[in-house]
Structures are given as C-alpha cells and as structure tokens.
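# Structure assessment
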Protein chains: 2
Amino acid sequence: MIIESVNNPKVKNWMKLKEKKYRDQEGLFLIEGDHLLKESLKANLVREIIAGDESFKVDNVPFYLVSEGVLKKLSSQVSSTKVIAVVEKIKTTKIVGDVCILDNIQDPGNLGAIIRSAVAFNISNLIMSADTVDLYNEKVIRASEGMIFKLNYQRGDLTQIIADLKKDGYQIWGTDVSKGVNLKEIQKEGNVAIIIGNEGQGMNPKYKDVCDKLINIKISHDCESLNASVAASIIFYQMME
Amino acid sequence: MIIESVNNPKVKNWMKLKEKKYRDQEGLFLIEGDHLLKESLKANLVREIIAGDESFKVDNVPFYLVSEGVLKKLSSQVSSTKVIAVVEKIKTTKIVGDVCILDNIQDPGNLGAIIRSAVAFNISNLIMSADTVDLYNEKVIRASEGMIFKLNYQRGDLTQIIADLKKDGYQIWGTDVSKGVNLKEIQKEGNVAIIIGNEGQGMNPKYKDVCDKLINIKISHDCESLNASVAASIIFYQMME
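Quick caveat: nothing in here was measured; it's all calculated off a predicted structure. (Residues numbered from 1 in each chain as written. Chains lettered and ligands numbered in written order. Predicted model: local features only at pLDDT ≥ 70, side-chain atom pairs only at ≥ 80, totals over all residues. Heavy atoms only, no water.)

Before going further, it helps to spend a moment on the overall build of chain A. Helices and strands together make up the secondary structure of chain A, namely 8 helices and 12 strands. Each principal axis of the C-alpha atoms in chain A carries an extent, and together these give about 65 × 40 × 30 Å. Considering chain A as a whole, with its 241 residues, one finds that 52% of them fall into the buried category. Expressed as a percentage of contacts within chain A between residues at least 6 apart in sequence, the contacts between residues at least 24 apart total 74%. Carbon together with sulfur atoms contributes 47% to the accessible area of chain A, which is approximately 11600 Å² in total. With 31 positive and 32 negative side-chain charges, chain A shows a spacing of 2 Å between the two charge centroids. (Helix = DSSP H or I, 4+ residues; strand = E, 2+ residues; numbered from the N terminus. Buried < 20%, exposed > 50% of the residue type's maximum accessible area, 1.4 Å probe, protein only. Contact = heavy atoms within 4.5 Å. Areas by Shrake-Rupley, 256 points an atom, 1.4 Å probe, with all protein chains shown as cover. Lys, Arg positive; Asp, Glu negative; His and termini not counted. Charge placed at Lys NZ, Arg CZ, Asp CG, Glu CD.)

Attention now moves to the nonpolar core. Grouped together as the largest cluster of nonpolar side chains are 118 residues, with contacts concentrated most on I115 of chain A together with I115 of chain B. Setting aside its immediate chain neighbours within four residues, I115 of chain A contacts L126, L135, V140, S144, M147, I148, L151 and Y153 of chain A. Judged by nonpolar contacts, the second largest core, of 16 residues, contains I161, I162, C211 and L214 of chain B. (Core = buried A, V, L, I, M, F, W, Y, C linked by side-chain atoms within 4.5 Å.)

On to the packing of helix 8 (residues 228–239) of chain A against helix 8 (residues 228–239) of chain B, then. Remark: helix 8 of chain A packs on helix 8 of chain B, axes separated minimally by 9 Å, with the N-to-C direction vectors making an angle of 60°. With respect to each other, helix 8 of chain A and helix 8 of chain B are oriented oblique. Once helix 8 of chain A is placed against helix 8 of chain B, the crossing between them reads as right-handed. Two secondary-structure elements touch here, helix 8 of chain A through V230, S233, I234, Y237 and Q238 of chain A and helix 8 of chain B through V230, S233, I234, Y237 and Q238 of chain B. Across the contact of helix 8 of chain A with helix 8 of chain B, the residue classes tally to 6 nonpolar, 4 polar and no charged. (Axes fitted to C-alpha atoms, helices over the stretch in contact; angles between N-to-C directions. Parallel < 35°, antiparallel > 145°, perpendicular 65-115°, else oblique. Left-handed = near helix turned anticlockwise from the far one by under 90°. Nonpolar A, V, L, I, M, F, W, Y, C, P; charged D, E, K, R; others polar.)

Moving on, we get to the sheet that holds strand 10 (residues 181–182) of chain A. Adjacent strands of a sheet form backbone hydrogen bonds with each other and so pair up, either parallel or antiparallel. Residue and element names in this part refer to chain A. Spatially, 7 strands are ordered 8-7-6-11-9-12-10 in an open sheet, and the strand pairing comes out parallel. Only two strands of the sheet have a single partner each, and these edge strands are strand 8 (152–156) and strand 10. Relative to strand 8, strand 7 (residues 125–129) is paired through 5 bridges, and the arrangement is parallel. Directly across from I127, in strand 8, lies its bridge partner Q154. Lying over the sheet, helix 8 contacts strand 6 (99–102), strand 9 (171–175), strand 11 (192–196) and strand 12 (213–216), oriented at roughly 165° with respect to strand 11. (Pairing = 2+ DSSP bridges.)

All names here are of chain B. Taken in spatial order, the 5 strands line up as 1-4-3-5-2 in an open sheet, and their pairing is mixed. Where the open sheet ends on each side, the last strands, each with one partner, are strand 1 (2–3) and strand 2 (28–32). The sheet contact formed by strand 2 and strand 5 (residues 83–88) spans 5 bridges and is antiparallel. Following the sheet pairing, L30 is matched in strand 5 by V86. Against the sheet, helix 3 (residues 34–42) engages strand 2, strand 3 (46–51) and strand 5, with an angle of about 135° to strand 2.

Our focus in this paragraph is helix 8 of chain A. Under the 1.5 Å per step criterion, the end-to-end length of helix 8 of chain A is 17 Å for 12 residues, consistent within 8% with the ideal 16 Å. Of all the residues in helix 8 of chain A, the buried ones are A228, S229, V230, A231, A232, S233, I234, I235, F236, Y237 and M239 of chain A. (Expected span 1.5 Å × (residues − 1).)

What follows deals with the relation of the copies chain B and chain A. Expressed as a screw transformation, the operator carrying chain B onto chain A has a rotation angle of 180° and an axial translation of 0.0 Å, and the superposed copies differ by an RMSD of 0.0 Å. As the rotation angle and translation indicate, the two copies are arranged about a two-fold axis. An overlap of 100% is found between the interface residues of chain B and their copies at the interface of chain A, pointing to a shared contact surface. (Least-squares fit on C-alpha atoms with pLDDT ≥ 70 in both.)

The next point concerns the pairing of strand 7 of chain A. Residues and elements named next belong to chain A. The element strand 7 is largely enclosed, with a buried count of 5 among its 5 residues. Along strand 7, one buried face is formed by N125, I127 and S129 and the opposite face, lined by L126 and M128, is buried too. With 4 bridges joining them, strand 6 and strand 7 adopt parallel strand pairing. Counted as the bridge partner of I101 is I127 from strand 7. Crossover handedness for the path strand 6 to helix 5 (residues 108–120) to strand 7: right-handed. Crossover connection from strand 7 via helix 6 (residues 138–143) to parallel strand 8: handedness right-handed. (Right-handed = clockwise from strand over helix to strand, strands pointing away.)

For strand 2 of chain B, the buried fraction is high: 5 of the 5 residues fall into the buried class. Neither face of strand 2 of chain B is open: one carries L28, L30 and E32 of chain B, the other F29 and I31 of chain B, and all of them are buried.

Residues and elements named next belong to chain A. Domain annotation of chain A identifies domain 1 (2–88) and domain 2 (99–239). Computed over C-alpha atoms only, the centres of domain 1 and domain 2 are separated by 31 Å. Between domain 1 and domain 2, the contact holds 15 residues from the first and 11 residues from the second. Buried surface at the junction of domain 1 and domain 2, summed over both partners, amounts to about 1100 Å²; 65% is from carbon and sulfur atoms. At the boundary of domain 1 and domain 2, one finds 3 salt bridges. Among the ionic pairs, E39 bridges to K150, the shortest N-O distance being 3.9 Å. The set of elements that each furnish at least two residues to the side of domain 1 that touches domain 2 consists of helix 2 (20–26), strand 2 (28–32) and helix 3 (34–42). Residue composition of the side of domain 1 that touches domain 2, by class: 7 nonpolar, 4 polar and 4 charged. (Domains from an automatic or database assignment. Buried area = accessible area lost by both parts, 1.4 Å probe. Salt bridge = Lys/Arg side-chain N within 4 Å of Asp/Glu carboxyl O.)

Residue position: E241 of chain A is located in the segment after helix 8. Under the relative-accessibility criterion, E241 of chain A is labelled exposed at 70%. For E241 of chain A and Y207 of chain A, which are 34 residues apart along the polypeptide, the C-alpha to C-alpha distance reads 26 Å. In contact with E241 of chain A, not counting residues within four places along its chain, are K188 of chain A together with K218 of chain B.

It is worth spelling out unusual backbone geometry at this point. Residues and elements named next belong to chain B. One non-glycine residue, N104, lies in positive phi territory at about 65°. For N122, which is not glycine, the phi torsion reads 60° and is therefore positive. With respect to the secondary-structure elements, N122 resides in the loop between helix 5 (108–120) and strand 7 (125–129). The class for N122 is partly exposed, based on a relative accessible area of 44%.

Below is the structure:
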C-alpha cells in the first residue's frame, strides 16, 4: 500500500512535526536523507521510516511507502529527498567531559554549526538556555550535518545549571571582547564549560561574576565581532589538546 | 515626490539587481539597512539611496522617497528595512598582504562568514574561482555583517592566479584532511595564500602539487569534516600573529 494523498491522516500527523509545539508534545521530530537516517538508526531512535522505495526498509521499524508528492510535501529541502524518518528526541544523560553553554542563540544555522564543531573538537555536552532556538528545528538538523545524535543535550535555567557545574568542579569560561584574556594564552586544566552568548548582544553580563575566566579572541579593529558559531568553534579548537 | 507603485519603472530597475545577470551587466548591487549604508558610503560607492523617510538623505547622492510597500518589495529580509541603496561593485586593487582563495564555495552564508572572519583576522584579499557563489548575492552580503567593503576581491582562473602569487613570493597553503601537517604546528613566514575548498568535496586535488604546505585541522574521528567557513576561520585565527 502506497500513501499517495497529502491529505492522508498519517501525512497530516507527520506534517505537524514541522512545528515546535507538536514536536514538544509528541517528543518526536523529523529527519531527512540517508546520512541522518543512518545516524538516527545507530542512536536507536527511529520510530517510522517514510520513503519512495523499499530499499530503505529496516528490520523492526514501521515502514511507509509514499508517493513523490508526499515526500516533497514532508521535505524541507529544495533538492529531492528520498527518505524521511520520525525520530524520538535525544535522551539527556549525565554530563561527562567538556560543556558548551549557549545563552540565547537565535540562528538555527549557528546552532547546527556549533553542534558540528563541538563533535569535531570533543566537546561532549551542549546546554541551551530556554530561549535558545529549538534543537529540533529542521535548519539546525541540516546545519549539524548528521552530528546532532553525537552530543548530550540539556535545556533550562542557565543560572542553576552553571551553579551545579561549578559544584561538580567545572571551570566556567565566558567571553568578553574588551577585558578578556587572549584565548591563545589560556591553558585548559580539568573540565571546562564555555558560555557562548547571543549573536547580537554577546554573553549576558549577569554571568560574568560566575566565570572563572573571561576569554577574548583577538581580532582586528576593522571588525566588530565574529559570528557566534565561528567564535565557538575557535574556542573549541583551542581547547582541544 | 514619493514612489508608491511597485510598477514604477525605477522600482522595476532596482528589482532587476536581485538577479546576478543584471548585477553583472550594470556593475551594481543592492544593500539594505543602516549599517551597510554607512559602510558603502565610507567606501564611496553609493549611487542611489532609497528610503521611507528623508533622514537617510546624504549630500550629493540621489535620494528616492518610497512607500513602505516599495521598500518591502525591494527588501530581501523578513523584518522591515528602512533603507536600501544601489551601490557600485567593489573595485579590485593590487594584492597586498595575506590572501584567501576560495575554490568553488557554494553556500552564500559560508562566503559571507568567510568575509567577516577574513576582516577579523587581517586577511586582506579574497580570490574566488569562477564557480564560487556570487559575491553580491544578498545572503552573502547579509552574512558578512557589513564587512564586505573591507576586502580586496578578485575572481577568475585559480590556476593562473596561484601561479602569479607564487611568482610574487607567496607561500601557497592547501588543506588536506588526511596527510596535512597539524595546523597548530605551523609557523607562518612571509605572505600566505590559503586555499579553502568546496563544502562537499574539499580542495580540488589538482591544486595539491602547487601547495607549499598542506595543512590539517585535527578533529575527532566522530566527525567527518568541519563547515567550510569554520575551517577557514580557524586557519585565519591561527595565521594571525
């Protein structure tokens, strides 16, 4: 049986997962493409596979054969997608290793790029303020290039989370464009949690007092600031042994 | 006189500049917003200013008062734009200082981010292969955060340009994920031209032989590659004294 109508109730339910409200309600989200399907299967989170041909069938996962029109309707990409999957949200586990804390990051491309760089440079945990863009936004997932399943995530009140990290012996690093210590001169010892601030405003000054170190990436006077994901990536790069 | 109709011939001509073909034909492009207007005025490239109120008037630059509807039509942004300008393309000057060479970069957000980071880390020149995304694409300009006027650009056949740079004493650096020397161990001496490859394929292997150094950013085995603008930015960061 092939699902051909975009008005099919199944399709309508899948479409709802494009909205954050329903993703939160159901604890599910959509992924697209072969690479992400493989990564989500490895993470054991795939609930349903939706594809235009049966080559994407996997043992013990419900499979739905759909028309090209349905796939196109479900897809968020310009180029044609061959497979889509309904995936469970990633489970939060205990924080082990270095942490990146995102304070009100708004651009989904930036969040995705930060995830990709975090995996590249062995930052294992990503903590997001409640007002940071949704992790399961399709643009975040795309920009993460399949790396989204490789981190541990937590979302909540940063003041509380930072206090808990400090209790656990974490060094809290913040960023400061004017007063910080040059990143190139910083030595990392023990576990670090680095706070990356909002694209426009930078790190919220209220976190300055809890920071063990304020760091600064030296840039030309011709340039006001770096892109948030670039700044985060450079710090991760420098932190990696 | 306020231009209220989106069918006004002036508006139609401005609209054409949203297409690469017309930008190339006219040697002009559009910028939006206060910040970019200031930067393009500093660069002495503004031909016409288009705004909804007269506060944006500038001596000796033709000014057009337009309705909100016209501004909205011309704008490429979701949030409302108060000013748009018709700007001359940036003139190419002699190459002085370090160079970044882009080999078939396709994503406008990446090109914009690379421009921003180049300015931040004192890379003065950007050379683009003919198949790299158009510099004057509105998404490039937006992602560059006003930095687009601060570099020297050249576009053309990379093989020829690289040969010329070598003659001028430039060290050519390429990137190689498998065999390269760890970026952290590299010392920069004299002028450098660093080649950044395409998002999917990396640097074209045909340039490997002309490279004086092949460099590699050490990343985790969990991650296949870095985002192209992140990789470029980390290299620029490391190159800056």
